[in-house]
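Structure assessment
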Amino acid sequence: MSGQEEGKETPQRTALEEYEQSGEDRPPFILTYAEVKLLGIAGVGFFLDAYDLFIINPVSTMLQYRLYPGGSLPANLQGLLKASANIGSVIGQFLFGYCADAFGRKAVYGKELMLIIVATILCISTPTGTLSPNGCLIYLTMFRILLGVGVGGDYPMSASVTSDRASIRKRGTMLAYIFANQGWGSFVGALMTIIVLACYEHVMNDEGETSKVDGVWRIIVGLSLVPAFGTLYQRLTLPESTRYKKSHEAELIQQGNLKKTEVEVGVHSAESEPSVDEAPPVHVSKKAHFIEVLKYFSEWRHLKILIGTCSCWFLLDIAFYGINLNTNVVLAEIGYDGTTGTPWEKLFKVATGNIIITALGFVPGYYVTVLTIEKLGRKFIQVMGFLLEALFLGILAGKFYTLSTAAFIVNFTLLQFFFNFGANATTYCYPAEVFPTRYRAFAHGMSAACGKTGAIISALVFNTLTDKIGTPNVLWIFVGCSLLGAVFTFLLPEVAGRDPDAILAQEEEERDL
């Protein structure tokens, strides 16, 4: 009888392993059709995040011409408008991260995209003709916060959905591919701004109707609805992954709500299927997931990893957003600061300058990470990235007033390159790989929320601090943040080839002994 059971168990036990090992003869960055489809579904959120991050700067300038002709936006409302999406992101990252673990990916996935769609429609419906100028900014800020909740929710959702389905040998590559959409979002945001402005050149520049800029910013913001609607159905119908179901069932066993034999039958039948997206549902009530989260992170060996992912992302985003939300210095150096000419010429010149900046180092860095993450490892790339960021930021800070234009551009390009072939990519990958499935989305959401908190601080404080202590000293602060990030990375283990679910199962076995 035992021999027959062993004969039956072998194909059942190895079904998932066969999926994990499929395509081992190909490099990790060569994807199957199913993986490309998954990346298309999951990558939209990051595309929209970066698209929104880019366009808010030109949009705020356009609103200045529409609402305050000859003047500027009130400083407090402008700062709040630019920070609003990041404020919403913090809420969304916590909320969706917890819900994805507690209620399942399938129950939650797609809802964040619905929120993005609704908020975008409300943003482009801003009644600039009826509300006061300040009222328009407040209206837009409110719904950009709602937009941010949806964008923030996409961080833990897409990371956990991808990590749940990816084979361990390609997990980092898949996540890096997802994150690379951030570069394309910035690039397309700049490109769409140029195209739409070019369409309005005659009416705005030749005929002098600057108020028509009201149509420009609405079209640019509204274009983000195209990829959102394009992937909404796929997200809402994406089945639950086997990996999540197995983790959920194991949690129920630990809580004593399900007999082990019942789960074994469910797991075996799930693994006998060739797809990792198929598994029988388990309709069992369970204790509050939040208690399990607290219990897991009450152990120092787990808490120190969470501290590592949160602190590294926080420190990275202070420097990353401090630089990328305030590119006026760089634009001035390359002659695209838009300080002269008609309103249309200023807007067009800044948009052209931004697409140059994006193409120089922003996009290439992401794909070097994609190609090397499985070979070099996450820890090496993150430490190297932080140290090289500190180096190039230090050069900018120390030689800020004496660097030639060419040297400044080269230095800034290398800085952007090592942001993205460095900590900007790995801080996203780490929490999706280092934590077990049942706590992954919550931990990723918490880590991402810490990062966005750093971005908010940088957005709100950068200009004020620059006026008080000067740009070079602010850059030195960014150098310090980068060095601290390298130090905190040593709290993290290398996750290449690491199965956090297997480690958790081993820890639970040791605890039960």
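Worth saying up front: this structure is predicted, and the values here are computed from it rather than measured. (Residues numbered from 1 in each chain as written. Predicted model: local features only at pLDDT ≥ 70, side-chain atom pairs only at ≥ 80, totals over all residues. Heavy atoms only, no water.)

**Side note on the overall build of the protein**
Along the protein, the regular secondary structure elements total 23 helices and 0 strands. Out of the 513 residues belonging to the protein, those deemed buried represent 56%. A sequence separation of at least 24 residues applies to 85% of the contacts in the protein between residues at least 6 apart. Here the protein has roughly 20,600 Å² of accessible surface; of this, 65% comes from carbon and sulfur atoms. (Helix = DSSP H or I, 4+ residues; strand = E, 2+ residues; numbered from the N terminus. Buried < 20%, exposed > 50% of the residue type's maximum accessible area, 1.4 Å probe, protein only. Contact = heavy atoms within 4.5 Å. Areas by Shrake-Rupley, 256 points an atom, 1.4 Å probe, with all protein chains shown as cover.)

**So, the confidence of the model for the protein**
Taken residue by residue, the protein gives an average pLDDT of 84. The fraction at 70 or more is 87%. Residue range residues 1–20 is modelled with pLDDT below 50. Its contacts to residues more than four positions away, or to other chains, number 17 contacts. Considering only residues more than four positions removed or in separate chains, one finds that residues 258–286, a stretch of pLDDT under 50, has 56 contacts. (pLDDT = per-residue confidence, 0-100.)

**Considerations on the pattern of salt bridges**
Evaluation of the coordinates by the stated rule reveals 17 salt bridges. Note that arginine 144 and aspartate 52 form a salt bridge whose closest N and O atoms lie 2.6 Å from each other. With arginine 144 in helix α7 (residues 133–165) and aspartate 52 in helix α3 (residues 44–67), this pair connects stretches of sequence that are 92 residues apart. On the basis of relative accessibility, which here comes to 5%, the residue arginine 144 falls in the buried class. Note that glutamate 508 is salt-bridged to arginine 438, the shortest N-O span being 3.0 Å. (Salt bridge = Lys/Arg side-chain N within 4 Å of Asp/Glu carboxyl O.)

**What to know about the environment of leucine 131**
By the element assignment, leucine 131 lies in the loop between α6 (111–124) and α7. Excluding anything up to four places from it in sequence, leucine 131 contacts Cys136 and Tyr139.

**Concerning a negative patch on the surface**
On the surface, a cluster of negative charge is made up of Glu201, Asp206, Glu207, Glu209 and Glu345. Position of aspartate 206 relative to the elements: it lies in helix α9 (residues 201–206). Residue classification places aspartate 206 among the exposed residues on the basis of a relative accessible area of 53%. (Patch = residues over 30% accessible without salt bridge, like charges linked within 9 Å, V, L, I, M, F, W, Y side chains within 5 Å. Lys, Arg positive; Asp, Glu negative; His and termini not counted. Charge placed at Lys NZ, Arg CZ, Asp CG, Glu CD.)

**A short note on a nonpolar patch on the surface**
Together, Phe290, Ile291 and Leu294 give the surface a local cluster of nonpolar side chains, amounting to about 290 Å² of exposed area. Following the sequence through the fold, isoleucine 291 ends up in helix α14 (residues 289–297). The exposure class of isoleucine 291 is partly exposed, given its relative accessible area of 48%.

**Regarding helix α20 (residues 423–434)**
Relative to the 16 Å expected for 12 residues at 1.5 Å per residue, α20 spans 15 Å between its end C-alpha atoms, a close match to the ideal helical length. Burial runs high along α20: 12 of the 12 residues are buried. Among the residues making up α20, those that are buried are Ala423, Asn424, Ala425, Thr426, Thr427, Tyr428, Cys429, Tyr430, Pro431, Ala432, Glu433 and Val434. (Expected span 1.5 Å × (residues − 1).)

**What about the packing of aromatic side chains?**
Throughout the structure, instances matching the rule amount to 25 aromatic pairs. Note on phenylalanine 297 and phenylalanine 435: the rings are 5.7 Å apart at their centroids and 70° apart in plane angle, and the pair reads as edge-to-face. With phenylalanine 297 in helix α14 and phenylalanine 435 in the loop between α20 and α21 (437–469), the pair connects residues that are 138 residues apart, well separated along the chain. Each member of the pair, phenylalanine 297 as well as phenylalanine 435, carries the same accessibility label: buried. Chaining the aromatic ring pairs together yields one cluster made of Phe46, Tyr155, Phe179, Trp313, Tyr366 and Tyr428. (Phe/Tyr/Trp six-rings, centres within 6.5 Å; stacked < 30°, edge-to-face > 60°.)

**Examining the nonpolar core**
The biggest cluster of nonpolar side chains holds 75 residues, and the ones touching the most others in it are Ile323, Leu393, Tyr428, Leu475 and Phe478. The element contributing the most residues to this core is helix α15 (residues 300–324), with 9 residues. With residues up to four places along the chain from it excluded, the contact list for leucine 393 reads Ala319, Ile323, Leu415, Leu475, Phe478, Val479 and Ser482. (Core = buried A, V, L, I, M, F, W, Y, C linked by side-chain atoms within 4.5 Å.)

**Let's talk about helix α19 (residues 405–420)**
Spanning 16 residues, α19 covers 23 Å between terminal C-alpha atoms, matching the ideal 22 Å at 1.5 Å per step. Turning to α19, its buried residues number three or more, namely Phe408, Asn411, Phe412, Thr413, Leu415, Gln416, Phe417, Phe418, Phe419 and Asn420.

**Observations regarding the packing of α3 against α7**
Each pair of packed helices gets described by two things: the angle between the helix axes and the distance between those axes. At a minimum axis distance of 11 Å, the contact between α3 and α7 shows a crossing angle of 175°. Taken together, the axis directions place α3 and α7 in an arrangement best described as roughly antiparallel. On the side of α3, the interface is formed by Gly45, Phe46, Asp49, Asp52, Ile56, Leu63 and Leu67, while α7 contributes Pro133, Cys136, Leu137, Leu140, Arg144, Leu147, Val151, Asp154 and Tyr155. (Axes fitted to C-alpha atoms, helices over the stretch in contact; angles between N-to-C directions. Parallel < 35°, antiparallel > 145°, perpendicular 65-115°, else oblique.)

**Notes on the packing of α3 against helix α10 (residues 213–222)**
Running from N to C, α3 and α10 point in directions that differ by 165°, and their axes come no closer than 9 Å. In this view, α3 runs roughly antiparallel relative to α10, as classed from their interaxial angle. Our pair here, α3 against α10, has a crossing hand that is left-handed. In this structure, α3 contributes Tyr51, Ile55, Val59, Met62, Leu63, Tyr65 and Arg66 to the contact, and α10 contributes Val213, Asp214, Val216, Trp217, Ile220 and Val221. Its residues assigned to classes, the contact of α3 with α10 comprises 11 nonpolar, no polar and 2 charged. (Left-handed = near helix turned anticlockwise from the far one by under 90°. Nonpolar A, V, L, I, M, F, W, Y, C, P; charged D, E, K, R; others polar.)

**Topic: the environment of alanine 176**
Here alanine 176 is to be found in helix α8 (residues 171–199). Judged by relative accessible area, which is 2%, alanine 176 ranks as buried. When the C-alpha positions of alanine 176 and valine 368 are compared, they lie 9.6 Å apart, and in sequence the two are 192 residues distant. The residues contacting alanine 176, other than those within four sequence positions of it, are Thr369, Val370 and Cys429.

**Overview of the environment of cysteine 481**
Among the structural elements, cysteine 481 can be located in helix α22 (residues 471–488). Overall, the relative accessible area of 8% leaves cysteine 481 in the buried class. Between the C-alpha atoms of cysteine 481 and aspartate 317, which are 164 residues apart in sequence, the distance is 9.3 Å. Sequence-distant contacts of cysteine 481, that is, excluding residues within four places in its chain, are made with Leu315 and Ile318.

**With respect to the side chain of arginine 378**
If you trace the backbone, arginine 378 turns up in helix α18 (residues 378–398). With a relative accessible area of 0%, arginine 378 lands in the buried category. Separated by 3.2 Å, the side chains of arginine 378 and glutamate 374 make a polar contact. For arginine 378, the contacting residues outside a window of four places in its chain are Arg171, Gly172, Ile373, Thr426, Tyr430, Glu433, Glu494, Val495 and Ala496. (Polar contact = N/O pair within 3.5 Å; in protein donor to acceptor, adjacent residues only side chain to side chain.)

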